[in-house]
Amino acid sequence: MKLLRSRPLLRWCLLLLGVGSLLLLVLLQHLTDSVQQQNPGVPVLEAPTWPERKVPSFPPFLHLCSDPLLGNKQPVTKRHRKLLLKGAPSGGSTALRTQRSRHRQLNDVCSMYQPVRRKQRVRLQQVSRLYVEDRFQLLYCEVPKAGCSNWKRVLMVLAGRARSTQDIPHDAAHYSNQLRRLDSYDRAGIAERLQTYTKVLFVREPFERLVSAFRDKFESPNSYYHPVFGRAIISRYRANATGSGLKTGAGVTFREFVQYLLDAQRPVGMDIHWERVGQLCSPCLIHYDFIGKIESLQEDADFLLRGIGAPGNLTFPDFKDRNPREKRTSSRITQDYFSQLNGTERQKVFDFYYKDYLMFSYPKPFPDLH
């Protein structure tokens, strides 16, 4: 009789145990999702996975598709339309057509060869080169040797931290911590700015940018690049290196520098001054609203500044404050440096920067390249 009376109680205990187990599973799933959401990164865009280079043809004849400024990655905000469509300065129609052409080229190259697309978070490292100017809502991706010092000066003036670009020395532009990087914000702040701010990228012909970096860092006195990079390069690539060269790191030749650049087992790591733009700024992941070029720097910069409503007296500075007595690196100077290499070495450097050449529609710098 007692056993019969205990059966309903046993059923209730089993029922409560089952409900408790179900609630525990739901709680554990919720905790798992929360932990996953705390991983670094901001879920903003889909990005293509780059394929390996398959065809040695250059340049490709790319299909010009619908207006890439409207894009299929992000909606265009009113601010972006205002930037490109409002009363533009003289030559605005030409500048707008140029922007459309550059975006089409970049979008087509990023999707060429039918790359596999997958969901991808924007990692902190991928926005670490983006500088933030909140007053005019700008994000500028720093590409060294492509006017970055003067662009930082412009951002500081826009932010009200200086009255004129002429008042800002080189070291103050780079080392005074007057400008904030995007990766210093929390995830919500990063996502909001990526989605609403005007994102700006300026690039330069890759060979010319490489020669400019070499001349600046290795042909002039430098207390960092000579001992850190120069000594390692001379030690690895120079036969019969002298004690002086091994001690100071001064006197690296352009060929030795190129050997270091192309070495998969570099004795010292990569540096932002010669890193590829695709690695620095992730242009196939981050949708840049404005793409400028050093080759048309003054026109591009003026069009951008007028478009965002910058003060009328603010123009892009043209002064050269590092090694001012040296000539600017030109296409002629670049040709002279690359003539020191043989055809195989030039081809390998071209292969190294191949995606940058494609994305930003630069022609082959030498006719024998393929």
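Residues numbered from 1 in each chain as written. Predicted model: local features only at pLDDT ≥ 70, side-chain atom pairs only at ≥ 80, totals over all residues. Heavy atoms only, no water.

### Observations concerning the overall build of the protein chain
Alright, step 1. Tallying secondary structure elements over the protein chain gives 15 helices and seven strands in all.
Alright, step 2. A burial count over the protein chain gives 46% of its 370 residues as buried.
Alright, step 3. Contacts in the protein chain between residues at least 24 apart in sequence constitute 74% of all its contacts with a sequence separation of at least 6. (Helix = DSSP H or I, 4+ residues; strand = E, 2+ residues; numbered from the N terminus. Buried < 20%, exposed > 50% of the residue type's maximum accessible area, 1.4 Å probe, protein only. Contact = heavy atoms within 4.5 Å.)

### Some points on the sheet that holds strand E3 (residues 130-133)
Alright, step 1. Ordered by their spatial adjacency, five strands build an open sheet running E5-E3-E4-E6-E7, and the pairing between neighbours is mixed. Unpaired on one side and paired on the other, strand E5 (180-181) and strand E7 (290-293) mark the two borders of the sheet.
Alright, step 2. Sheet topology note: the strand E6 (residues 198-203)/E7 ladder contains four bridges and is parallel. Bridge pairing in E7 places Val-203 opposite Lys-293.
Alright, step 3. Helix H4 (residues 148-158) rests against E3, strand E4 (138-141) and E6 of the sheet, and its axis sits at about 165 degrees to E4.
Alright, step 4. Sitting on the sheet, helix H12 (residues 297-307) is in contact with E6 and E7, with an inclination near 150 degrees to E7. (Pairing = 2+ DSSP bridges. Axes fitted to C-alpha atoms, helices over the stretch in contact; angles between N-to-C directions.)

### A look at the state of the cysteines
Alright, step 1. Within this structure, the stated rule accounts for two disulfides.
Alright, step 2. One disulfide bridge connects Cys-110 with Cys-284, the sulfur atoms lying 1.9 Å from each other. The chirality of the disulfide connecting Cys-110 with Cys-284 is left-handed, given an S-S dihedral of about -85 degrees. In this pair, Cys-110 sits in helix H3 (residues 92-111) while Cys-284 sits in the loop between helix H11 (277-281) and E7, placing the two residues 174 residues apart along the sequence. There is no split in this pair, since Cys-110 and Cys-284 are both buried.
Alright, step 3. Each disulfide pairs two cysteine sulfurs, and for Cys-141 the partner residue is Cys-281, the sulfurs being separated by 1.9 Å. The S-S bond linking Cys-141 to Cys-281 shows a torsion near -95 degrees; that makes this disulfide left-handed. (Disulfide = S-S within 2.5 Å.)

### Considerations on the packing of aromatic side chains
Alright, step 1. Under the definition given, this model contains 29 aromatic pairs.
Alright, step 2. Consider the rings of Phe-214 and Phe-257, whose centres lie 5.4 Å apart with planes at 35 degrees: the pair is tilted. Residue Phe-214 is located in helix H7 (residues 206-218), and its partner Phe-257 is located in helix H10 (residues 254-262); the two are separated by 43 residues in the primary sequence. Residue Phe-214 shares its accessibility class with Phe-257, and that shared class is buried.
Alright, step 3. Ring geometry for Phe-257 versus Trp-274: centroids 5.0 Å apart, planes at 85 degrees, classification edge-to-face. Remark: Trp-274 occurs in the loop between H10 and H11 and Phe-257 occurs in helix H10; sequence separation between them is 17 residues. When sorted by exposure, Phe-257 lands in the same class as Trp-274, which is buried.
Alright, step 4. Here the guanidinium or amino end of Arg-276 rests over the ring plane of Phe-352, the centre of that ring lying 4.0 Å away.
Alright, step 5. Stacked on the ring of Phe-366, the Lys or Arg Arg-346 has its end atom at 4.7 Å from the ring centre. (Phe/Tyr/Trp six-rings, centres within 6.5 Å; stacked < 30°, edge-to-face > 60°. Lys NZ or Arg CZ within 6 Å of the ring centre and 35° of its normal.)

### Examining H12
Alright, step 1. Looking only at H12, the buried set comprises Leu-297, Asp-300, Ala-301, Phe-303, Leu-304, Leu-305 and Gly-307.
Alright, step 2. Gly-309 sits one or two residues past H12 and shows a positive phi near 80 degrees.

### Brief notes about the pairing of E3
Alright, step 1. Judged by which residues are buried, E3 turns out to be covered on both faces: Leu-130 and Val-132 on one side and Tyr-131 and Glu-133 on the other are all buried.
Alright, step 2. Note that E3 and E4 share four bridges and pair antiparallel. Bridge pairing in E4 places Val-132 opposite Leu-139.
Alright, step 3. Two successive antiparallel strands, E3 and E4, enclose a turn made up of four residues, where Gln-137 displays a positive phi of approximately 55 degrees.
Alright, step 4. The pairing of E3 with E5 spans two bridges and is antiparallel. Within the sheet, the bridge partner assigned to Val-132 lies in E5 and is Arg-180.

### Notes on the nonpolar core
General note: in soluble globular proteins, nonpolar side chains tend to be found buried as a group.
Alright, step 1. One finds Phe-254, Phe-257 and Trp-274 to be the most contacted residues of the largest nonpolar core, which totals 63 residues.
Alright, step 2. Apart from residues lying up to four places away in sequence, Trp-274 is in contact with Arg-209, Leu-210, Ala-213, Lys-217, Phe-218, Tyr-225, Phe-229, Phe-257, Tyr-260, Leu-261, Phe-352 and Tyr-353.
Alright, step 3. Core analysis: the second largest hydrophobic core is formed by 28 residues, Ala-95, Met-156, Phe-290 and Phe-303 among them. (Core = buried A, V, L, I, M, F, W, Y, C linked by side-chain atoms within 4.5 Å.)

### Section: the packing of helix H8 (residues 225-237) against H10
Alright, step 1. Two elements in contact, H8 and H10, have axes separated by 10 Å at closest approach and are oriented at 90 degrees. Accordingly, the angle class assigned to the pair H8 and H10 is roughly perpendicular. Along its contact with H8, which presents Phe-229, Ile-233, Ile-234 and Tyr-237, the element H10 presents Glu-256, Phe-257, Gln-259 and Tyr-260.
Alright, step 2. Split by residue class, the contact of H8 with H10 holds six nonpolar, one polar and one charged. (Parallel < 35°, antiparallel > 145°, perpendicular 65-115°, else oblique. Nonpolar A, V, L, I, M, F, W, Y, C, P; charged D, E, K, R; others polar.)

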